[in-house]
Amino acid sequence: LSRSGASVKIFPNPLTIETNIQLICDKASQAYICVFDAAGHKVSELVNDSFSAGMRNFCWDGTSTDGQKLSNGIYFIHLKVNGFTEIQKIMISR
């Protein structure tokens, strides 16, 4: 775990059908996970909730908040947990 008490793994990357986002927190946490396109526009909000300590898995199928399939390209998964922020790049390649 990082100094924040949280870590995130995203696999597989690139996304062809769906990707898994694994979040591990060492204490109860408020977690926010969303996806931005390369232009910086938020395209999907995946998680905005409180969780007890432990591991959580979330799947993302490469769709926007309104259910539209996103185009192939680079996107950024933005994770915020208890004031800590991490951004990871993901590629959609269908």
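Residues numbered from 1 in each chain as written. Predicted model: local features only at pLDDT ≥ 70, side-chain atom pairs only at ≥ 80, totals over all residues. Heavy atoms only, no water.

A. Up close: the pairing of strand β2 (residues 19-25). Among the seven residues that make up β2, five are buried, leaving the element largely enclosed by the rest of the structure. Pairing of strand β1 (residues 6-11) with β2 involves six bridges; the strand directions are antiparallel. Residue Ile 10 lies in a different strand from β2, and its bridge partner there is Ile 21. The pairing of β2 with strand β5 (residues 54-60) spans seven bridges and is antiparallel. The partner of Ile 21 across the bridge, within β5, is Phe 58. (Buried < 20%, exposed > 50% of the residue type's maximum accessible area, 1.4 Å probe, protein only. Helix = DSSP H or I, 4+ residues; strand = E, 2+ residues; numbered from the N terminus. Pairing = 2+ DSSP bridges.)

B. Looking closely at the sheet that holds strand β4 (residues 42-51). Taken in spatial order, the four strands of this open sheet run β4-β3-β6-β7, and their pairing is antiparallel. The sheet terminates laterally at β4 and β7 (84-92), the two strands that pair on one side only. Between one strand and the next, the sheet's axes are offset by a mean angle of 15 degrees, whatever the strand orientation. Here strand β3 (residues 29-37) pairs with strand β6 (residues 73-81) via seven bridges, running antiparallel. Bridge pairing in β6 links Phe 36 to Phe 76. (Axes fitted to C-alpha atoms, helices over the stretch in contact; angles between N-to-C directions.)

C. Looking closely at the environment of Lys 42. Positionally, Lys 42 belongs in strand β4. Linking Lys 42 and Phe 76, residues 34 residues apart in sequence, is a C-alpha distance of 9.3 Å. Within the structure, the side chain of Lys 42 is placed 3.1 Å from the side chain of Tyr 32, a separation counted as a polar contact. (Polar contact = N/O pair within 3.5 Å; in protein donor to acceptor, adjacent residues only side chain to side chain.)

D. Structural view of the sheet that holds β1. Spatially, the three strands line up as an open sheet ordered β1-β2-β5, and their pairing is antiparallel. The two strands at the open ends of the sheet, each matched to only one other strand, are β1 and β5. This sheet shows a mean twist of 15 degrees between the axes of neighbouring strands, independent of strand direction.

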